[in-house]
Amino acid sequence: MSNDELYSPPENLAKKAWIKNMDEYKEMYDRSINDPEGFWAEQAEQFFWYEKWDKVCDHNYNVKNGKIFIEWFKGAKTNITVNCIDRHLKDRGDQTAIIWEGNEPDEDCTLTYKQLHEEVCKFANVLKKHGAKKGDRISIYMPMIPELAIAMLACARIGAVHSIVFGAFSPTSLSDRIVDSSCSLLVTTDGGFRGKKPVPLKENADKAMQMASKQGTDIKQCIVVQRVGDKLETAMQKGRDFWWHDEMKDASPDCEPEKMDAEDPLFILYTSGSTGKPKGAQHNVGGYMMFTALTHKYIFDYQDGDIWWCTADIGWVTGHSYIVYGPLANGATTIMFEGIPTYPDAGRFWAVVDKHKVTQFYTAPTAIRALISHGEDIPAKYDLSTLKVLGSVGEPINPEAWRWYHKHIGRGRCPVVDTWWQTETGGILISPLPGATPCKPGSATFPFFGVVPVVIEAETGKVVEGNDVSGVLALSRPWPGQMRTVFGDHERFEENYFKMYPGYYFTGDGCRRDKDGYYWVTGRVDDVINVSGHRIGTAEVESALVLHEKVAEAAVVGFPHDIKGQGIYAYVTLMDGMEYEDGLKKTLIDFVRNEIGAIAAPDVIHWAPGLPKTRSGKIMRRILRKIAADEGDQLGDTSTLADPSVVDQLKESYRKI
Ligand code: WTA
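Since the structure is predicted, the reported quantities are computational estimates derived from the model, not experimental observations.

S.K.: Tell me what's going on with the site of the ligand, and back it up with residues and numbers.
M.R.: Among the 17 residues in the neighbourhood of the ligand, the closest are listed as D418, T419, T423, D509 and R535. Note that a nitrogen atom of the ligand is positioned 2.7 Å from one of the side-chain N or O atoms of D418. T419 places a polar main-chain atom, nitrogen or oxygen, 2.8 Å from a nitrogen atom of the ligand. With the chains in place, 97% of the 530 Å² that the ligand exposes on its own is no longer accessible.

What follows is the structure in structure tokens.
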């Protein structure tokens, strides 16, 4: 791969872009670093505030100086829904805010800003009627239908904290999140459509509510949207379960927004780490609002009249920040897509771009790779001439996929912005700007305004200066969209992100800064696997496997996968006397699917009567990763193993899988 393969911004785009060249980028970036208070205060003027802040930013980033804290615009009062909806009503009340594209190609609808305002206010009043108030946590477990966006905005309207749980997660995963965030209200649907078959969400929700109840957290009210109708039988528990449409009938379309402090919580979103159960990343109102809006505006060069499409699910952070909050704060028209890229056929994405005249398209490398395998003749059938900017997120994009995306989707006219960020960062931190940055396929290029990446030598913790270096990626100062804490466990927040390298936020990613200063994020350096752009902790999958009565021990690692980026590879040791038979493999895969959700189901189960361990009993994952990647001949030093013959057995059985 040549570092010198450069793609310059197209001239006609650069001319009209918010940031037109590298000089403009550098000038603004330098200002954001040298005068952060002035820079961010100026940016904040673009938003609506009831009252201004006491201080732009206050923080402690160093565990050695006491408790870690991050505050932006503290003392300022606002409501994010006023910024995302009300303030647009005067000039663009009749403009489409949300285009909803259903699972079936002939199914779509739109909501103007006026309509969105009315629906959000009505549902906010429904929530209030059921006793919800500022600070309460509300779980949302829904497919990609407009009511999902309405429900989250309604929470924000009244100051309740939403916790959205991806619709394909299992009842156990939902229950864990309900309990951890002590929710008493749940919004869900009877079911959802993705591809051919309806998925029974309410049935899962019922199981989850039962489990949560056993752990002492009762959902008092469950509001259910009817999406599937007759095709599913939906049990409703009297006094607890209410149909959305019944509740909305008489709800008032006026709802005063709650005045929120910029540092009041907006939402919790659970994400996987290298240890334990997923943790609730907490984002607060003011900084998150500004950061998602500004990154959306500059990184995708969003301009009035553009039609924006981010293909993520709102159950993940990408959907929160770049389907709902960022675009709506910018008064954009944003598309919500219920289906999947291959239904009814592998041309669906391009059919939607063609149909709705999409100008910016944002998706994940895994989707691009899957579509490459169907051939370039498919996109060639569609009119993609409205596209201006293409985006990528979720995992490193391999240069081949980047080039294909650029050539066959962008037709050579559209910059590809490879955006690096995390659930914890709230918004994009490293990315090209489409009118300014010369791109190198596979590199996220340069930091966004106010962001200072550093490369650290993993073992010594020393910051590596200069170019042409590699190490782990950290950030040396806060940005407005940064998560503030792990919900209910501030110590875990400090432990996870700030203890490793005092003075820095540690990302968990490895990276390289090349000779020209371009950043290349190479993937996780911890025990997190990135499957199709979704984060799975190896510890979570291991805990699920050992719940099975026949399993004694499990060790899970990632392995390279052509489409998913990484797949899940599980080494399993059975209880004494159990038979290692093929049929049990499928049982275990299904078992994990039921415990966590389909995204966590292992791709490979490798029977391991013994696991490679050090003399102190620690599993040597390095060796397991090598064997799973078919690099069993490059194991390096195995002399610290308690029983080296275990490795030979695993290598031998690898060949048979
Ligand atoms: C990975 C998704 C390389 C990375 C927004 C990060 C990327 C994790 C990129 C966060 C990219 C995301 N290049 N790696 N452009 N984008 N990642 O929390 O490992 O679901 O730490 O947030 O995805 O995943 P998360």
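S.K.: Describe in detail helix α9 (residues 201–214), supporting the description with residues and values.
M.R.: Taking 1.5 Å of rise per residue, the 14 residues of α9 would be expected to cover 20 Å, and the 20 Å separating its terminal C-alpha atoms lies within 8% of that figure. Of the residues making up α9, those classed as buried are L201, K202, N204, A205, A208, M209 and A212. The buried residues of α9 all sit within an arc of 150° when viewed along its axis, so they share a single face. In α9, the exposed positions angled more than 90 degrees off the buried face are occupied by Q210 and K214.

S.K.: Could you give me a rundown of the side chain of T359, with the residues and numbers involved?
M.R.: When you line up the elements, T359 lands in the loop between α13 (348–356) and β18 (360–363). Polar contacts involving the side chain of T359 include one to the main-chain amide nitrogen of I307, which spans 2.8 Å. A polar contact of 2.7 Å, which involves the side chain of T359, links it to the side chain of Q360. Ignoring anything within four residues of it in the chain, the contact list for T359 reads D306, I307, W308, T386, L387, K388 and V389.

S.K.: Tell me about the sheet that holds strand β19 (residues 389–393), and name the residues and values.
M.R.: If you walk across this open sheet you meet the 7 strands as β5-β4-β17-β16-β18-β19-β20, and the pairing is mixed. Two strands in the sheet have a free side with no partner beyond their single neighbour: β5 (108–112) and β20 (416–419). Averaged over all neighbouring strand pairs, the angle between strand axes comes to 20°, with direction disregarded. Where strand β16 (residues 307–310) meets β18, 3 bridges bridge the pair, whose relative direction is parallel. Looking at the pairing, C310 lines up with Y362 of β18.

S.K.: How would you summarise the environment of K407 if you had to cite specific residues and measurements?
M.R.: Mapped onto the elements of the fold, K407 is located in helix α16 (residues 399–409). Its relative accessible area of 56% is what places K407 among the exposed residues. Taking the C-alpha atoms as reference, K407 lies 28 Å from I314; in sequence the two are 93 residues apart.

S.K.: Quick rundown of the UniProt feature "modified residue: N6-acetyllysine" (unreviewed entry) in the chain? Include the residues and the values.
M.R.: Sites flagged by UniProt as "modified residue: N6-acetyllysine" (unreviewed entry) map to K618. Mapped onto the elements of the fold, K618 is located in the loop between β31 (604–607) and α20 (621–628). The class for K618 is exposed, based on a relative accessible area of 59%. If we skip the residues at most four places from it in the chain, K618 touches P612 and K613.

S.K.: Account for the layout of surface pockets, naming residues and giving values.
M.R.: Estimated volume of the second largest pocket: approximately 360 Å³. Along its surface, the second largest pocket is lined by 23 residues, and S274, N496, M500, F506 and D526 are the ones closest to its centre. Among the elements of the structure, α17 (490–497) and β25 (505–513) are those that each provide at least two residues to the lining of the second largest pocket. Of all the elements, β25 adds the most residues to the lining of the second largest pocket, at 4 residues. Considered class by class, the residues forming the lining of the second largest pocket number 9 nonpolar, 7 polar and 7 charged.

Quick notes on the rules
Residues numbered from 1 in each chain as written. Predicted model: local features only at pLDDT ≥ 70, side-chain atom pairs only at ≥ 80, totals over all residues. Heavy atoms only, no water. Near = heavy atom within 4 Å. Polar contact = N/O pair within 3.5 Å; in protein donor to acceptor, adjacent residues only side chain to side chain. Areas by Shrake-Rupley, 256 points an atom, 1.4 Å probe, with all protein chains shown as cover. Helix = DSSP H or I, 4+ residues; strand = E, 2+ residues; numbered from the N terminus. Expected span 1.5 Å × (residues − 1). Buried < 20%, exposed > 50% of the residue type's maximum accessible area, 1.4 Å probe, protein only. Arc of directions from axis to C-beta. Contact = heavy atoms within 4.5 Å. Pairing = 2+ DSSP bridges. Axes fitted to C-alpha atoms, helices over the stretch in contact; angles between N-to-C directions. UniProt positions renumbered as here; feature names shortened; annotations may be inferred. 1 Å grid on protein atoms, 1.4 Å probe; cavity = no way out; pocket = protein on both sides within 12 Å on 5 of 7 lines; lining within 4 Å. Points joined across faces, edges and corners; volume = space filled by probe spheres on them. Nonpolar A, V, L, I, M, F, W, Y, C, P; charged D, E, K, R; others polar.

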